[in-house]
Amino acid sequence: MDLRDKNVVVTGASRGIGAAVAEAVAARGARVGLIARTQSDLDAILERVNGRGAAAAGDVADAGSLTNALAALERDIGPPDVLVANAGIGAYGPFADIDTDELERLVNVNVLGTMYAIRAVLPGMIARRRGHIVTIGSIAGRIGSPFEAVYSATKFAGVGLTEALAVEVAPYGIGVSVVNPGPVSSSFGEARGHPYDRDRPKPVAPEQVAKVVVAAIERDKAEVYVPGWFRPAVVVRHLVPRLLRWGSTRSFREELAADAATR
């Protein structure tokens, strides 16, 4: 898809990957439709793209709120040609300790929030016989990440959704992509209550992820990893699962020991 003069809706657009995607697609000539919970943050991003688009506050975990935000964007810039379902949150710690409210919050935002957004825009794309949907996944949605079990589960759900949806909507000229980044240099770690502190893999910049998102749309790529060397690790996970589990246990031995010491 040529992004020039297309309408690209981005959820979670106020910071991190979402803000970087908004800037990247605007630089390709697209109009942006920005959604996040805080209008002032969205207005700041809209200013960074020289006002090329519109912004509407909404909560992806609330179907009514999200529907209203999408309707407002459609009134301002027209129906969406592309949806980048980016909004997401994380949580860090042993699964045995996670609060049920926190568990539900992750599922509501990461799983239902993605489903609500896609479900809202998809009928129009089908009627127009064109469109593209991008879900922002994670390497944790292809390889389970210890101490991020719920987050991993929500991202695995996103991969399943994207893979199934791609087959369903292909007859209507709609492309579907999932972009799986590793750690990203953003406020995501702080927001989940545990900044990223591992030596490797090294975090990538949000702008690097945004560049891959643009390529996925323009080249109709089904699945992309950021960085690309994650793909062989996923292959190992499927072909030699015991090796992957051994490697994960070795990599997280300090965290496992610290957890055991508290019990």
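Up top is the structure.
Summarised in this report is the structure supplied together with it. (Residues numbered from 1 in each chain as written. Predicted model: local features only at pLDDT ≥ 70, side-chain atom pairs only at ≥ 80, totals over all residues. Heavy atoms only, no water.)

1. As for the nonpolar core
Counting 36 residues, the largest nonpolar core has Leu34, Val84, Val179 and Val213 as its most contacted members. Secondary-structure elements contributing two or more residues to this core are β1 (7–11), α1 (16–27), β2 (31–36), α2 (39–48), β4 (82–85), β5 (131–136), α7 (206–218) and β7 (223–226). Filtering out sequence-adjacent residues up to four positions away, Val213 remains in contact with Val21, Val84, Val134, Ile136 and Val179. Of all hydrophobic cores here, the second largest spans 30 residues; its members include Val9, Ala56, Leu73 and Leu83. (Core = buried A, V, L, I, M, F, W, Y, C linked by side-chain atoms within 4.5 Å. Buried < 20%, exposed > 50% of the residue type's maximum accessible area, 1.4 Å probe, protein only. Helix = DSSP H or I, 4+ residues; strand = E, 2+ residues; numbered from the N terminus. Contact = heavy atoms within 4.5 Å.)

2. What about the side chain of Asn110?
Here Asn110 is to be found in helix α4 (residues 100–128). Excluding residues that lie within four positions of it along the chain, Asn110 makes contacts with Ala87, Gly88, Ile89, Tyr151 and Thr154.

3. Some details on the environment of Val32
One can find Val32 in strand β2. Note: C-alpha distance between Val32 and Met125 (93 residues apart in sequence) is 17 Å. Once you skip the residues sitting within four places of it in the chain, Val32 turns out to touch Val8, Ala22, Val25, Ala26, Leu46, Val49, Arg52, Gly53, Ala54 and Ile77.

4. Description of the pattern of salt bridges
Taken as a whole and assessed by the stated rule, the structure comprises 12 salt bridges. In this structure, Arg15 and Asp41 form a salt bridge, with 3.3 Å as the shortest nitrogen-oxygen distance. In this pair, Arg15 is assigned in the loop between β1 and α1 and Asp41 in helix α2, connecting sequence segments 26 residues apart. Take Asp41: its relative accessible area is 26%, and that puts it in the partly exposed class. One salt bridge connects Arg105 with Glu102, and the closest N-O pair in it is separated by 3.2 Å. In this pair, Arg105 and Glu102 both sit in helix α4, 3 residues apart, roughly one turn of the helix. Connected through salt bridges with shared partners, the residues Asp5, Arg31 and Arg52 form a single ionic network. (Salt bridge = Lys/Arg side-chain N within 4 Å of Asp/Glu carboxyl O.)

5. Some details on the pairing of β7
Neither face of β7 is exposed, since Glu223 and Tyr225 on one face and Val224 and Val226 on the opposite face are all buried. Relative to β7, strand β6 (residues 174–181) runs parallel, the two sharing 4 bridges. Looking at the pairing, Pro181 lines up with Val226 of β7. (Pairing = 2+ DSSP bridges.)

6. Regarding the sheet that holds β5
Pairing is parallel across the open sheet formed by 7 strands, whose spatial order is β3-β2-β1-β4-β5-β6-β7. The two strands at the open ends of the sheet, each matched to only one other strand, are β3 (53–57) and β7. Direction aside, neighbouring strands of the sheet carry axes that sit 15° apart on average. In this sheet, β6 lies alongside β5 in parallel orientation, the contact comprising 6 bridges. Residue Ile136 lies in a different strand from β6, and its bridge partner there is Val179. (Axes fitted to C-alpha atoms, helices over the stretch in contact; angles between N-to-C directions.)

Geometric descriptors of this kind do not, in isolation, establish any biological role.
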